[in-house]
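Each chain, letter by letter, is given below.
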Amino acid sequence: MSNEPMSSHMEDYLETIALLIEEHGHAHARDVAWRLNVKMPSVTSALKQLAARGCLDYEPNMPVLLTPLGRRLAEDVLKKHRILRHFFQNILLLPPGAANRLACRIEHEVDERAVQAVRTLTLAIESRPDCAALRHYLHETLSGTQSVPDKTIVNSETGV
């Protein structure tokens, strides 16, 4: 089992396998290839690497099974993805496809603390009565009915 950090590419494989199992009760290499739009030799190589890391049990022509480690890693990525996608779609009002693509790109780079901050902000904006004016402002501004004021946003640490 490798101690090297998991690449975003390998995380995508774990996430896809977990989603396939969630949706269909099983995952096969050909389904992973189709979902990720990659060729079978790439899938076979990735599955062997993930098996070597202790993330899944893989035998050719058999369903792919996540180990407890693989399940935990996949759930971590899925949780980040879902929180980020929800924020982009429901708070920033991005179209579902754009929200999903952006969440997919960011989920591999953002740490747990930042994801929890996004989750806390999302929950506050969606549910706190004192955020009603902010919800209204975001909806009006981001849904295209008003233009966003063109002001410089200043970084409090750098002054830029």
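Rules and cut-offs
Residues numbered from 1 in each chain as written. Predicted model: local features only at pLDDT ≥ 70, side-chain atom pairs only at ≥ 80, totals over all residues. Heavy atoms only, no water. Helix = DSSP H or I, 4+ residues; strand = E, 2+ residues; numbered from the N terminus. Buried < 20%, exposed > 50% of the residue type's maximum accessible area, 1.4 Å probe, protein only. Contact = heavy atoms within 4.5 Å. Areas by Shrake-Rupley, 256 points an atom, 1.4 Å probe, with all protein chains shown as cover. Lys, Arg positive; Asp, Glu negative; His and termini not counted. Salt bridge = Lys/Arg side-chain N within 4 Å of Asp/Glu carboxyl O. Polar contact = N/O pair within 3.5 Å; in protein donor to acceptor, adjacent residues only side chain to side chain.

Quick look at the overall build of the protein chain now. When helices and strands are tallied, the protein chain shows seven helices and two strands. Counting the 160 residues in the protein chain, one finds 32% classified as buried. If you take every contact in the protein chain between residues at least 6 apart in sequence, the share linking residues at least 24 apart comes to 51%. By element, 55% of the accessible surface of the protein chain is carried by carbon and sulfur atoms, the whole surface being about 10,500 Å².

For the rest of this paragraph, the subject is the side chain of E107. Take E107: it is sitting in the loop between α5 (96-106) and α6 (112-127). There is no salt bridge for the buried E107, and the closest opposite charge comes from R85, which lies 8.1 Å off by N-O distance. In terms of polar contacts, E107 uses its side chain to reach the side chain of H81, at 2.5 Å. Polar contacts involving the side chain of E107 include one to the side chain of H108, which spans 3.3 Å. In contact with E107, other than residues within four places in its own chain, are D12, E15, V77, K80, H81 and L84.

Once that is clear, we can look at the pattern of salt bridges. Tallying each qualifying case throughout the model produces five salt bridges. With a closest N to O distance of 2.9 Å, R82 and E22 form a salt bridge. Linking R82 in helix α4 (residues 68-91) with E22 in helix α1 (residues 8-24), this pair joins segments that are 60 residues apart in sequence. R82 sits in the partly exposed class, given a relative accessible area of 34%. Classification of E22 by relative accessible area gives exposed; the value is 51%.

Everything listed is a geometric property; what it means functionally is a separate question.
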